[in-house]
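In case you want the letters, here they are:
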Amino acid sequence: MVRNVAGLLPELETEDFYLLSGVEQGMRFSEWVQREKLPSFTGLTEEEVDYRLERCLKRGLIEKKTIQYEGYTLQFEGYDALALRALVERDTIGEFGSPLGVGKESDVYEVRSYKPLALKYHREGYTNFREVHKERDYASDKDHVSWMYTARKAAEREHDILEDLYPDVSVPQPIDQNRHAIVMEKMDGVELSRTKLEDEQILGVLDLLLSEIARAHEHGYVHADMSEYNVFVDEGGVTIFDWPQAVPTDHGNADEFLRRDLENVVGYFRRKYPQHVPEEVEIGDLAATIADEGFETVTDFV
């Protein structure tokens, strides 16, 4: 788990952020930024650069390496600090709260402004950015592609998709985005994987979920990573989250991804509630109906 840097913000000074921003700028060209280039990237004097390097190293915001040259790179904590400061300065965030979820590709925290919100830090690519970059199709002409670029592109992509879908599709309302961070409404309810539905609720919840998948398709997107772990259920219905890997419906593999999403969703309900979701529900017919914008209820396919 990447450390929460919210508590560090009060001790960081403006010049510390100049240093972090300068390293960020240099990382557009190389994973390790040469020490001799930092004055031009940061606008700080040589002496000030040395002082700020020491402060940021001590707090784990940057890392130093000396091989052919003395170089510096941002740690994710340094990138977090830059994004968090920007969101605070915009008055998007007023208070920082507890973790809501920690995963392989993101960390989510509760934050507050005019109401409880959720802050999601994208972590894609921190250890395997080349693989993630290839899978997520973040096209770039850049010779150097870093984890920082991959995480930022994932956040930008997810924020754009949420803006396209909300409020017509039941997704979290996007509030703001900076670098690899997204602020969105805090979801109510319980993750589908941890929900035990009553008999009379099962097909109704499945219908709601399939209806949202169909509605997203009408708005031009296939989620492409649907599972019981990215759906919240509450008294008001279902909410689908985690959209950075979504593809447009004109994508070459959109039909395949839609079918896989449906297999994951229907398969989960079949395994957990076998007496309520029969094998007769044909995924191919369901996918074709959703693609033709004709879905009504899952019982039509029994």
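So, how was this worked out
Residues numbered from 1 in each chain as written. Predicted model: local features only at pLDDT ≥ 70, side-chain atom pairs only at ≥ 80, totals over all residues. Heavy atoms only, no water. UniProt positions renumbered as here; feature names shortened; annotations may be inferred. Axes fitted to C-alpha atoms, helices over the stretch in contact; angles between N-to-C directions. Helix = DSSP H or I, 4+ residues; strand = E, 2+ residues; numbered from the N terminus. Parallel < 35°, antiparallel > 145°, perpendicular 65-115°, else oblique. Contact = heavy atoms within 4.5 Å. Nonpolar A, V, L, I, M, F, W, Y, C, P; charged D, E, K, R; others polar. Buried < 20%, exposed > 50% of the residue type's maximum accessible area, 1.4 Å probe, protein only.

Per an unreviewed UniProt entry, the protein chain goes by the name non-specific serine/threonine protein kinase and belongs to Halosolutus amylolyticus. As recorded by UniProt, the Cofactor (unreviewed entry) comment attached to the protein chain reads in full: "Mg(2+)". Note on the protein chain: under the UniProt heading Sequence similarities (unreviewed entry), the record states "Belongs to the protein kinase superfamily. RIO-type Ser/Thr kinase family."

What follows covers the packing of helix H7 (residues 202-218) against helix H9 (residues 283-291). Where H7 meets H9, the axes come as close as 9 Å, and the angle between the chain directions of the two elements is 45°. If you check the angle between H7 and H9, you find them oblique. In this structure, H7 uses Leu210, Ile213, Ala214 and His217 to contact H9, whose residues at the interface are Leu286, Ile290 and Ala291. Tallied by class, residues from the contact of H7 with H9 come to 6 nonpolar, 1 polar and no charged.

Attention now moves to the environment of Arg270. Looking at the element boundaries, Arg270 is found in helix H8 (residues 254-272). A residue is classified by how much of its surface remains accessible, and Arg270, at 16% relative accessible area, is buried. Placed 99 residues apart in sequence, Arg270 and Val171 show a C-alpha to C-alpha distance of 24 Å. Sequence-distant contacts of Arg270, defined by excluding residues within four places in its chain, comprise Val277, Pro278, Glu279, Glu280 and Val281.

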